[in-house]
Structures are given as C-alpha cells and as structure tokens.
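If you want the building blocks of each chain, they are given just below.
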Amino acid sequence: MNSTLDIYTTFFKLKERPFALVPDPDFIFWSETHKRAFAMLEYGLVTRAPITLITGEVGAGKTTLLQHLMRSVGDEVQIALLSNATGERGDLLRWVLLALNQKTAREETYIELFERFQAFLIAEYAAGRRVAIIIDEAQSLTREGLEELRMFTNINNGKDELLQLILVGQPELRDIVRRPDMTQFAQRVSSAFHLPAMTEQMVRSYITHRLQVAGGDPKIFSLSAQDQIYQETGGVPRLINQLCDLSMVYAYNKESQRVTRLIVQQVINDGVFFGVKSTQPASVLFLRNVSEINSE
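Residues numbered from 1 in each chain as written. Predicted model: local features only at pLDDT ≥ 70, side-chain atom pairs only at ≥ 80, totals over all residues. Heavy atoms only, no water.

Caption draft 1: Just the sheet that holds strand β3 (residues 130-136), in detail. Read from one edge of the open sheet, five strands run β2-β3-β4-β1-β5, paired in parallel fashion. Each edge of the open sheet carries a strand with a single partner, namely β2 (77-83) and β5 (189-195). Along the sheet, successive strands turn relative to each other by an average axial angle of 15 degrees, direction set aside. The pairing of β3 with strand β4 (residues 163-169) spans five bridges and is classified as parallel. By the bridge assignment, I135 is partnered in β4 with L167. Its contacts with the sheet put helix α4 (residues 91-99) on β2 and β3, and the angle it makes with β2 is roughly 130 degrees. (Pairing = 2+ DSSP bridges. Helix = DSSP H or I, 4+ residues; strand = E, 2+ residues; numbered from the N terminus. Axes fitted to C-alpha atoms, helices over the stretch in contact; angles between N-to-C directions. Contact = heavy atoms within 4.5 Å.)

Shown next as structure tokens:
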C-alpha cells in the first residue's frame, strides 16, 4: 500500500518529496548568503587556512554546504568528517584517526596515536595530498577539545600545510572562540562566516526552487502561504521544509492542488508543527485569515 507521502507526490505530479528533512546537495539553494558561506569554505581550502569557521542557526543549511563541498573537492584533498565528537583528551584524536580510516588500538598511548597521526599527514603530503578535517557541531567541543585541535595545526611547518581544520557549528561556537582564554585558537582562524536565516524574499525563492527540482509546479504554494511560512519559521531552511511538507500533506487530504495560507494555518493550529513561533491566539489568527481569504 502506498504511503501518504507517496500519494501526495503523485497527486502533485512530483518526482520526489521536495521538502525532505534530510540534507540533500541535489536540492541546494544558492541564496546570496549561502554563496558567500561556500565561498569562504572554498577560500579556506584554496589558501590552506589552518582553521576555517562556519556558524549558523540549527537547520540553516550548514550540513548541506558541507556535503556539497565534499562532493566538489578533487583527489588532492582528503576530507574527514566528524560529527558530535566528544570525550576526554585523546578521544578526539582517536575520532580523527578513525575518520581517516586509520585503525586505533585501545592500548595505544596518546603519544603513540599522535605520532601515527603525524606520520599519516606527512605520508599524504609526500603523495601530493593534504588533509582537511571537518568538525560538525563543533560548539559541543570543550575548551580542552578546541585546544587539542589547535595543537594539531602545530604539525604544519612553515609553507608545508599538511592539515586544515573546518569547524562548523551553532552561533555559540563564535562566542566560545572569542573568549579571552581562546586567543591563541582565534589567531589560527583565517576564514570565517556566519550563515543567517533567510529573508522573506529568499524563502519565496527557496520554496519555488525546491518544487522545481522535484519536478513540480513552482506555484503550488500561494504567495500568502509562502509569507505565512516565513513568519512561522523565521527563514530557517529545516523548519521551512518541515512546514511545507506538512502543508502539502494537508493540501492532499483536502484534494487541493494549491497550498493556501489557510492550509498552512491549519497545520499550525493543529499543533503538528513544532517550530511555530507565533504567539497570537488562535481566534485572532482565524479572524486574520478569514479577512485574507480573497487573496488566495
């Protein structure tokens, strides 16, 4: 039996769900801010910056940019990705080695692990490759973890850049790096960018873009529905995807080929969307929507 999601893709004549929550580089939307963020990622790699810092709110599209970066780099750069790496001193180094497909033994000391790590970087450099380590959700790292990463960059010697670090995280990561006791770490950051939420016009373009990539009618969502989505999500892509997906399910259940503002508001009123930011009573929202029904 087909699922509701399969049915709504058929109903709207779509090749696939346009607003899935899983990051997908095929659906990447190049807003001006996303272009600048990716440019800084590329700049960090090209200039061999010791540390590149990318921050943004939860769901702002950071992971999608990382996946696009990993797909676009050539064989001359070996990229290792760590997500939610935590632990005591030495655990981070083990995570890094595992991400580089280097097995570790439990009985190996920190010095032995570090020597193997350094030898690996030198061997890669001798083979004409350099190593970039991406730390996702880096705001979860302790001060000691960040200091350990800084020590990793000491392996670089003069013009010989063996290792680059790309730290990606939520806005508090910038606050951590700017603390007085993190001055040495901050001085290694050569490239940085903060990815803000999208504007109202960007949200309209974003929704249209994803519908087109999925092979659908770019006008499935009315303009007033798109504006309501912006109001409820604050322009955060992950929240936009969630609300749009739910709204399409509701439109399908109503056998409506168009997602109107009233349909989006019904999703909000039913409490199935947990990213809602509106603090207005439901009665006020209902009266406002009735007055705007002709705009649909």
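Text resumes after the structure shown.
Caption draft 2: Layout of the environment of E148. Take E148: it is sitting in helix α6 (residues 143-152). Considered as a pair, E148 and F185 are 37 residues apart in the sequence and their alpha carbons are 9.9 Å apart.

Caption draft 3: Seen up close, the pattern of salt bridges. Per the counting criterion, the structure on display carries nine salt bridges. The salt bridge partner of K35 is E32, with a shortest N-O separation of 3.5 Å. Separated by three residues within a single helix, K35 and E32 lie in helix α2 (residues 32-46), roughly one turn from each other. Taken together, the salt bridges that share partners define one network made up of R143, R179 and D181. (Salt bridge = Lys/Arg side-chain N within 4 Å of Asp/Glu carboxyl O.)

Caption draft 4: Molecular detail of the nonpolar core. Counting 33 residues, the largest nonpolar core has F12, I207, F221, I229, I240, M248 and V259 as its most contacted members. Of all the elements in the fold, those that place two or more residues in this core are α1 (4-11), α9 (200-213), α10 (223-233), α11 (237-253) and α12 (261-269). Ranked by residues supplied to this core, first place goes to α11 with eight residues. In this structure, I240 is in contact with M198, V203, Y206, I207, I229, T233 and G235, ignoring residues within four places of it in sequence. Core analysis: the next-biggest nonpolar cluster, separate from the first, contains 32 residues, L97, F120, V131 and M182 among them. (Core = buried A, V, L, I, M, F, W, Y, C linked by side-chain atoms within 4.5 Å. Buried < 20%, exposed > 50% of the residue type's maximum accessible area, 1.4 Å probe, protein only.)

As far as function goes, none of this settles anything; it's purely spatial.
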